[in-house]
Amino acid sequence: MHTPKQSNIQILIQAPDLPIETRALTLNPTSTIRDLKLSLLPPQILDSFFFTLHGKILHDTSTVQKSGITPLSTIVLHFRLRGGGGDGGATGAESRDCYLNMYATKKPDKVDPNEQRLSKWTTCALSFEPLRHPCVVDRLGNVFNKEALVEALLGKKLPKAFGHIRGLKDMVPIQLSVIPGLESDISGSSAGARYQCPISGLEFNGKYRFFAIKTCGHVLSAKALKEVMSSVCLVCYEGFREEDKIPINGSEEEVAALRERMDEEREKVREKKAKKVKKGELGVNGDEDVSLDSRLSGKKHGIDAKAVERVDGKIEKNGKAVNGGDMVKGDIEINGLKRPKPAQPPPNATKEVYASIFTSSRKTELKETYMCRSLPLGRN
């Protein structure tokens, strides 16, 4: 039986994703959708496009007749987006699983570095309460409220990070200068820094380096110590050495140097005690085995009481010799040992004089505006 030959049909093709105008094509109803693609596109990019008829996707293997294409029908050529699901990309289930896994573990909240720095410099390193008098600093430069640190030592609740603190000898009492106007804020509830350098006026907030002087406990900024180079404290005029300066909340290199110095000092103390135990100068508990008579007579330190009396009779408080003795200036000799005269501050040197060097020490209520920017504050 002879099958009648099917006549060709004419269709319209649109391509909104390509710069192709609507065109008319004549097709054989037995040809496939892939054959239709080959008549329009190169073979290398056939899989990147697909046809639709009334919103329905036409498969490449189906024929024009079976796809429901009738004469003068309009089919649309679309560009295939990869990875959308159902076309070789991720399925909806996979997308949902990835979404759930993303929120399965809670991410830590981001901490403002400025708030973290300010908190480190204005609160106790142990209790995280605002710093308040009395305060102490350890040998590594950490600042504490003395009450909280002593309670932790007595209760043996000190964290391992502060295991180097073994007693009161490892604490240095410090004196923090309150910013004028914040003296009434005893609880430290005000936002921002509460203390400052008594000389330069720089705030104790972590933006500037500060040192605690071990001999007197005053806390001064590095800028003040650099500008006024002196071997005495600029507040109380007590002498100190370079190793008596403890950097507060120092860098990793500074903390490592302080820890090394602390270990060396403890090693020297152990060696000194071991020598005294050998010589019998220390008791069983490590106390010095010195009788009460020797303590009262001064023999413990090798001081001749008669020589001290003779010196006391010859030397007045102002350093002048009496009873026919020579004039004494500078050094004082006791039992053959010279005692250096303590360092004296320059004449008329006071805390206010040193503070006048720094413009940051002068606090004023005047605010700089665009109309007075070129005028020096405090003089207009």
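Source: prediction; values computed, not measured. (Residues numbered from 1 in each chain as written. Predicted model: local features only at pLDDT ≥ 70, side-chain atom pairs only at ≥ 80, totals over all residues. Heavy atoms only, no water.)

So, about the overall build of the chain. Across its full length, the chain holds nine helices and 15 strands. Per-residue burial for the chain yields a buried fraction of 29% across its 380 residues. Across the chain, the fraction of contacts at a sequence separation of at least 24, relative to all contacts at a separation of at least 6, is 48%. Here the chain has roughly 26900 Å² of accessible surface; of this, 53% comes from carbon and sulfur atoms. (Helix = DSSP H or I, 4+ residues; strand = E, 2+ residues; numbered from the N terminus. Buried < 20%, exposed > 50% of the residue type's maximum accessible area, 1.4 Å probe, protein only. Contact = heavy atoms within 4.5 Å. Areas by Shrake-Rupley, 256 points an atom, 1.4 Å probe, with all protein chains shown as cover.)

The next thing to look at is the pattern of salt bridges. Note on pairing: side chains with opposite charge can pair once their charged atoms come close. Scanning all chains against the criterion turns up ten salt bridges. Across the pair R132 and E129 runs a salt bridge whose closest N-O atoms are separated by 3.2 Å. The partner of E254 in a salt bridge is R209, and the shortest N-O contact between them spans 2.5 Å. Of this pair, E254 sits in helix α6 (residues 252-279) while R209 sits in the loop between β10 (195-196) and β11 (210-213), placing them 45 residues apart in sequence. Relative accessible area serves as the criterion here: at 22%, E254 is assigned to the partly exposed category. For R209, a relative accessible area of 48% puts it in the partly exposed group. In this structure, a network of salt bridges that share partners links the residues R139, D170, E265 and R266. (Salt bridge = Lys/Arg side-chain N within 4 Å of Asp/Glu carboxyl O.)

Here we come to unusual backbone geometry. Following H133, the chain continues into P134 via a peptide bond in cis, with omega recorded as 0°. Within the secondary structure, P134 is located in the loop between α3 (113-122) and β6 (135-137). You will see that F128, though not glycine, has its phi angle at about 60°, which is positive. Looking at the element boundaries, F128 is found in the loop between α3 and β6. Since its relative accessible area comes to 62%, F128 is described here as exposed. Unlike most non-glycine residues, N249 shows phi in positive territory, near 50°. As for its position among the elements, N249 is in the loop between β13 (245-247) and α6.

Right, let's get into the sheet that holds β6. Reading across from one edge, β7-β6-β8 is the order of the three strands in this open sheet, with antiparallel pairing throughout. Strands at the two margins of the open sheet, each flanked by one partner only, are β7 (143-145) and β8 (172-174). Between one strand axis and the next, the sheet turns by 40° as a mean value, whatever way the strands run. Against the sheet, helix α4 (residues 146-154) engages β6 and β7, with an angle of about 85° to β7. (Pairing = 2+ DSSP bridges. Axes fitted to C-alpha atoms, helices over the stretch in contact; angles between N-to-C directions.)

Looking at the chain as a whole, its pLDDT mean stands at 75, while 66% of the residues score no less than 70. Segment residues 84-89: pLDDT under 50, and six contacts once partners within four positions in sequence are set aside and those in other chains are kept. The low-confidence segment residues 288-300, where pLDDT is below 50, has 15 contacts with residues more than four positions distant or belonging to other chains. (pLDDT = per-residue confidence, 0-100.)

As a further point, take α3. Listed in full, the buried residues belonging to α3 are L118, W121 and T122. Axial view of α3: buried residues confined to an arc of 90°, hence all on one face. Residues of α3 that are exposed and angled more than 90 degrees away from the buried face: P113 and Q116. Turning to α3, the residues buried within the fold contact β11. (Arc of directions from axis to C-beta.)

The next point concerns the sheet that holds β13. Read from one edge to the other, the open sheet built from three strands follows the order β12-β11-β13, with strand pairing classed as antiparallel. On the outer flanks of this sheet lie β12 (219-221) and β13, each paired with one strand and no other. Between one strand axis and the next, the sheet turns through 35° on average, direction left out of account. Pairing of β11 with β13 involves three bridges; the strand directions are antiparallel. Along β13, the bridge assignment pairs I213 with K245.

Right, let's get into the pairing of strand β1 (residues 9-15). Of the two faces of β1, only one is covered, namely that formed by I9, I11, I13 and A15; the face formed by Q10, L12 and Q14 stays uncovered. The pairing of β1 with strand β2 (residues 20-27) spans six bridges and is classified as antiparallel. Bridging across to β2, Q10 finds its partner in T26. Where β1 folds back on β2, the antiparallel hairpin that results is connected by four residues. The pairing of β1 with strand β5 (residues 74-79) spans three bridges and is parallel. Bridge pairing links L12 to T74 in β5.

So, on to the environment of V219. Position of V219 relative to the elements: it lies in strand β12. With relative accessibility at 3%, the residue V219 sits in the buried group. Separated by 21 residues in sequence, V219 and P198 place their C-alpha atoms 8.1 Å apart. In contact with V219, not counting residues within four places along its chain, are I174, Q175, L176, P198, F204, F210, F211, A212 and I248.

Next up on the list: α6. Under the 1.5 Å per step criterion, the end-to-end length of α6 is 41 Å for 28 residues, consistent within 8% with the ideal 40 Å. Among the residues making up α6, those that are buried are L258, M262, R266 and K276. Where α6 is buried, its residues touch β13. G280 lies just past α6 and shows a positive phi near 85°. (Expected span 1.5 Å × (residues − 1).)

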